[in-house]
Amino acid sequence: MRNLLILGAGTAGTIMANRLYPTLDSDKWQITIVDQDEKHYYQPGFLFIPFGIYSKRDVIKPKRDYLPAGINIIMSKIEIIEPEKNQIKLESGKILPYDILIIATGSRIHPGETEGMKGDGWHKNIFDFYTIEGATALANYLKYWEGGKMVLNITEMPIKCPVAPLEFVFLADWWFTEQGIRDKVEITFATPLPGAFTKPKASKLLGDFLDNKSINLAPEFGIESVDSSVNKIISFDGKELDYDLLVTIPTNMGDELIERSDMGDELNFIPTDPNTLQSKNYENIFIIGDATDLPSSKAGSVAHFQSEVLDKNILRFIDKRPLLPHFDGHANCFIESGFGKGILIDFNYDIEPLPGKFPLPGIGPFSLLQETKANHWGKMMFRWVYWNLLLKGAEMPIEAQMNMAGKRR
Amino acid sequence: MAEVTLNTSTFTLDGDGYLADHTTWTEEFARDIAAQEGIEKLTDAHWNVINFMRSDYTEKGAVPTIRRLKKSGGIATKDLYALFPDGPAKKAARIAGLPMPKGCV
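Numbering of residues starts from 1 in each chain and follows the order in which that chain's sequence is written. Numbering of ligands from 1 and lettering of chains from A proceed in the order in which they are written. It should be noted that, the model being predicted, local features are given only for residues of pLDDT at least 70 and side-chain atom pairs only at 80 or more, the latter also being counted only at that level, while totals for whole chains, interfaces and linings use all residues. Hydrogens and water molecules were not included; the side-chain quantities draw on all heavy atoms of the structure.

1. Re the overall build of chain A
- The secondary structure content of chain A amounts to eight helices and 25 strands.
- For a compact globule the rule gives 2.2 Å times the number of residues to the power 0.38, and the radius of gyration it is set against comes from C-alpha atoms. A compact globule built from 409 residues would reach a C-alpha radius of gyration of about 22 Å, and chain A, at 21 Å, matches this within 12%.
- Expressed as lengths along the three principal axes of its C-alpha atoms, the size of chain A is roughly 65 × 50 × 40 Å.
- Note on classification: 1.4 Å probe, protein chains only; a residue is buried when its accessible area is under 20% of the maximum for its type, exposed when over 50%, partly exposed between these limits. Counting across all 409 residues of chain A, residues that qualify as buried make up 58%.
- Residue contacts follow a heavy-atom distance rule, with two residues in contact if any of their heavy atoms lie within 4.5 Å. Considering only residue pairs separated by 6 or more positions, chain A has 66% of its internal contacts joining residues 24 or more positions apart.
- As presented, chain A carries roughly 16,600 Å² of accessible surface, and 49% of it is formed by carbon and sulfur atoms. We count a stretch as a helix when DSSP gives it H or I for four or more residues in a row; a strand needs E for two or more, and each element gets its number in order from the N terminus. A 1.4 Å probe and the Shrake-Rupley method give the accessible areas. Residues count as covered only by the protein chains that appear here.

Written out as structure tokens, the structure is:
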């Protein structure tokens with residue numbers, strides 16, 4: 001019996017288990033998945049929790065309900081990956097050997113990387129919304145907040161779901177309006193990037209949205225420290241921003257397991273072939289989702305597009321065929337823009353978001369790089385799609401590779 | 001592709017205004033681009049950053065990030081901002097004759 005081992009049962013790992021289980025010969029292959037948490041979090045839903053749109057209940061389900069019955073599930077911390085020995089060691093000391101390893105250990109926030117961030121203000125008037133704890137604590141704070149200066153800051157790139165911070169300020173603008181306190185709130189978006197987003201066309205459009213919603217943009221703001229005693233964030237070049245409420249996107253890093261195993265870069269992301277998803281250092285190791293060092297977005301849609309390339313490549317690797325270089329960096333993101341509307345962007349490594357109709361060229365129903373009600377409903381429907389189709393590895397009506405049809409330059 | 005003539009030499013730039021081929025880089029190029037970027041004189045501290053970036057790029061094939069400059073190059077981020085004000089990663093890469101650092105999305 002040969003072993004295919006998957007590390008991490010989040011979005012990417014779960015999709016891979018569901019795609020590979022029906023295709024691999026069960027007389028020859030045992031699939032094992034290892035994770036340390038029984039709960040599966042619908043992370044795109046965290047954005048809505050601070051505004052009371054979703055509750056904890058809407059975003060948490062048992063992991064086991066979404067994994068195929070015939071695979072081996074191990075709930076344990078992993079001590080180390082030993083790629084030279086083709087094995088991993090669990091916290092208990094138990095060794096699991098593998099023939100093929102898929103690493104899907106994701107990324108997490110590290111507020112401690114910024115001086116003073118985890119000081120006296122942490123979860124008092126400084127919150128993240130990338131964890132269930134942060135998002136629910138912020139919901140509770142916002143419920144009673146009477147207004148003042150709200151600063152959202154991005155610490156450094158890359159971050160998981162790079163549009164989420166923009167969505168947060170757009171939703172905040174809507175929510176404060178609904179509460180009747182928009183005139184008492186000053187919103188500032190502080191980013192280390194030169195504009196609202198990294199890709200020029202989308203950055204310009206999203207920058208205009210910030211303007212129209214009277215949200216201040218503080219570009220090129222590389223945060224050095226937080227001073228909770230006077231409620232200020234300070235940049236490396238000495239700029240300061242005052243806040244009453246700080247919503248922070250801390251440094252994102254790959255799992256500490258990757259550092260312990262000496263397999264990652266400075267942020268614990270793993271060197272990965274950008275098109276085949278094979279490890280750059282070990283031929284029987286593949287990486288998917290947020291754990292890679294690729295310049296594609298760290299997002300569930302990307303993990304899904306990667307899975308369609310990776311499952312074929314796993315089979316080709318088993319059959320000793322050359323791998324297909326078919327992952328093109330495709331990402332597809334609904335951007336919630338507030339007041340029941342949304343924007344949709346679709347892009348890859350080489351082609352930035354362009355206007356047009358999606359997924360049917362000329363028809364839609366979704367509009368690219370435009371604010372529409374249909375895009376908002378697409379975003380809200382996505383939660384159902386995620387739990388019922390995406391995690392199960394079902395075929396989706398969208399190709400893994402980005403399509404130019406229906407797009408305008 | 002655009003060309004730029006600095007003193008006596010001509011260099012080819014890419015669409016972003018960065019040196020198209022990093023092997024055509026010269027110290028003269030660095031000094032002239034630095035002046036364009038508002039840095040009057042390249043000090044030893046500047047050269048330390050430029051040289052680390054160039055050797056790291058040759059070795060790894062990617063423009064080092066600010067975090068990598070700190071962790072592997074031993075260059076404090078605050079110093080980097082002081083040496084190359086307003087967008088140090090991009091400015092230093094341009095002077096070092098490397099491509100524009102990839103914004104990660």
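So much for the structure itself; the text now carries on.
2. Focus: the sheet that holds strand S15 (residues 223-227) of chain A
Residue and element names in this part refer to chain A.
- At least two DSSP bridges between two strands are required for those strands to pair. In space, the three strands of this open sheet follow the order S15-S16-S17, with antiparallel pairing throughout. Lying at the two open borders of the sheet, with one neighbouring strand each, are S15 and strand S17 (240-242). Ignoring which end each strand starts from, the neighbouring axes of this sheet average 20 degrees apart.
- In the sheet, S15 pairs with strand S16 (residues 232-235) via four bridges, with the strands oriented antiparallel. Its bridge partner being in S16, Ser225 is matched across the sheet by Ile234. Inter-axis angles, ranging from 0 to 180 degrees, are taken between N-to-C directions of lines fitted to C-alpha atoms, where helices are fitted over the stretch in contact.

3. Some remarks on the pattern of salt bridges
Residue and element names in this part refer to chain A.
- By salt bridge we mean one thing: a side-chain nitrogen of Lys or Arg within 4 Å of a carboxyl oxygen of Asp or Glu. Tallying each qualifying case throughout the model produces 22 salt bridges over all chains.
- Lys204 serves as the salt-bridge partner of Asp208, at 3.0 Å between the closest nitrogen and oxygen. Of the two residues, Asp208 and Lys204 are both situated in helix H5 (residues 200-212); the distance of four residues between them amounts to about one turn of the helix.
- A residue is classified by how much of its surface remains accessible, and Asp208, at 33% relative accessible area, is partly exposed.
- One network of salt bridges, with partners in common, ties together Arg19, Asp311 and Glu395.

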